[in-house]
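Each chain, letter by letter, is given below.
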Amino acid sequence: MTSFDIPEALVRAEIDEAALCDNAAVLADRLSPARLKCVVKANAYGHGIDLVAPALFSAGWREFCVATIPEALRLRSLLGPEAQILAWLYGPTTDLDEAVRADIELGISTVGALDRLAEAARRTGVTARAHLKIDTGLGRNGLSPEALVRAFDWLRRHAEDSHTDDSGNPEAGADIRIVGMMSHFAVADEPERPETAAQSAVFSSAHGQLRAVLDAADGRLGESDDLDVHIANSPGALTLGPCPGTSARVGLALYGLSPLEDGDPAALGLRPVMRLTSSVINLKDIPAGHGASYGLTFTAATDTRFALVPGGYGDGLPRAASNRAEVAIRGRRYPVVGRIAMDQMIIDIGAGNDEVAIGDEVVIFGPGGPSAAEWGTWANTINYEIVTQLSARVDRVARKGDGR
Ligand SMILES: *Cc1c(COP(=O)(O)O)cnc(C)c1O
């Protein structure tokens, strides 16, 4: 087997680690005294977990969240034992032993998950750390009000059964500890809506009940004063006055993108972390009447010049933005014409445009070009999806920040 030196990919996502760490500091300030939890699920929202998580860890951040257990284990191997890692999405047959062994904290959304986590703790001999996840209105994962009652019953029974702990009996084995409580907002990006306050109220009432259950168990299930209580996401962190709870799980805003419609990251003190670039690899003069790309959905009205740019839906660019999107070359915006193909797109730079040369950098989105939010608008989606769906073909490279 020969090994090759693989050249750089044609489409690159430059990751500005300085912007990332500045954003974390700005957000932490805003949240204080609540703490920042950095959400790095889905390959750090497409930015590349290998770059993002170590950069945040080096800057001193210790609390990280992902959705799934495979993501959590990957993160543990990247960051080592000092990082606090929380995951909340797994199925009824997902093996929890490895997560417990790796000291991953788990969100608990069903009573069955409590059973399974306690078993995993016994089997592995490692204390399992759990956050009760409560559905306060989103209707997604989390304990429903009725399941919460059963979870409290489960905890009371469990505390009685594990009464032998105080004797220091080693056979009692490792157990489950409730270290946190969490929920998730549905409409915090629309501050005028009343549901967010309603969710907060349900959450704080559940918090009171959980405290009482823990206090009645005399520390056998965890300390009520040490509970890590978190409900806010990026929109919650940016729109609510004081952040509710002891921490907030912030994803999108960390990457310098706004979760609010028409929200300007700069007005929030945030800088986009990703700059997605490609280059001009061909130029051709096109006569009026000539078409562009599959389906010939665009026809040149006048003589013009096309620039060919690598980057298509195989890289994660949305085909829905065909004939709508723009890119920037040498600081000027030009339209994408015709359908965005799997690997490439056509840019109409205008007849006789000698400003653009083969090899020129093309900013698809990010500083110096359109925003991920604009691409979201062009593709009838949101900036979250634009960055997260970038494919493995795109190189993620660290770009030492210059504030651009
Ligand atoms: C994705 C996610 C977050 C982060 O949301 P942002 O809007 O990106 O800040 C927080 N909590 C949960 C449960 C999530 O699924």
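This is a predicted model, so every value here is computed, not measured.

Undergrad: Would you take a moment to explain the UniProt feature "active site" (unreviewed entry) in the chain for this structure?
TA: Look at the UniProt record and you will see "active site" (unreviewed entry) annotated at K41 and Y294. The greatest C-alpha distance among the residues just named is 34.8 Å, and with 254 residues of sequence between them they are spread in space as well. The contacts of K41, once residues within four sequence positions are left out, are C65, V66, A67, E71 and W88. Looking at Y294, the relative accessible area reads 61%, which means it is exposed.

Undergrad: Before we go on, may I ask you to explain the pattern of salt bridges in this structure?
TA: A pair can form between side chains of opposite charge whenever their charged atoms are brought close. Considering all chains together, one arrives at 28 salt bridges under this definition. The partner of E82 in a salt bridge is R62, and the shortest N-O contact between them spans 3.6 Å. A residue pair is termed long-range when its members are at least 10 positions apart, and E82 in the loop between α4 (69-79) and β4 (84-89) and R62 in the loop between α3 (49-58) and β3 (63-68) qualify at 20 residues. A residue is classified by how much of its surface remains accessible, and E82, at 58% relative accessible area, is exposed. For E105, the salt bridge is made with R129, and the minimal N-O distance between the two is 2.9 Å. Note that E105 is positioned in strand β5 (residues 104-108) and R129 in strand β6 (residues 128-133), a separation of 24 residues in sequence. Given the relative accessible area of 33%, R129 is considered partly exposed. Several salt bridges converge on common partners, so that one network encompasses E14, D16, R275, E361 and R399.

Undergrad: I tried to follow the packing of aromatic side chains on my own but got confused; where do I start?
TA: For the coordinates displayed, the defined rule picks out four aromatic pairs. Where Y45 meets Y384, the ring centres are 6.4 Å apart and the plane angle is 35°; that geometry is what we call tilted. With Y45 in helix α2 (residues 41-45) and Y384 in helix α11 (residues 383-388), this residue pair connects regions lying 339 residues apart in the sequence. In this structure Y45 comes out as buried when scored by relative accessible area, which is 7%. Of the residues examined, Y384 reaches a relative accessible area of 26% and is grouped as partly exposed. Grouping aromatic residues by their ring pairs yields a cluster made of Y45, Y255 and Y384. Across the ring face of F57, the terminal group of R62 is positioned such that the distance to the ring centre comes to 3.6 Å. R249 extends its terminal NZ or CZ atom over the ring of W88, reaching a point 5.8 Å from the ring centre.

Cut-offs applied
- Residues numbered from 1 in each chain as written.
- Predicted model: local features only at pLDDT ≥ 70, side-chain atom pairs only at ≥ 80, totals over all residues.
- Heavy atoms only, no water.
- UniProt positions renumbered as here; feature names shortened; annotations may be inferred.
- Contact = heavy atoms within 4.5 Å.
- Buried < 20%, exposed > 50% of the residue type's maximum accessible area, 1.4 Å probe, protein only.
- Salt bridge = Lys/Arg side-chain N within 4 Å of Asp/Glu carboxyl O.
- Helix = DSSP H or I, 4+ residues; strand = E, 2+ residues; numbered from the N terminus.
- Phe/Tyr/Trp six-rings, centres within 6.5 Å; stacked < 30°, edge-to-face > 60°.
- Lys NZ or Arg CZ within 6 Å of the ring centre and 35° of its normal.

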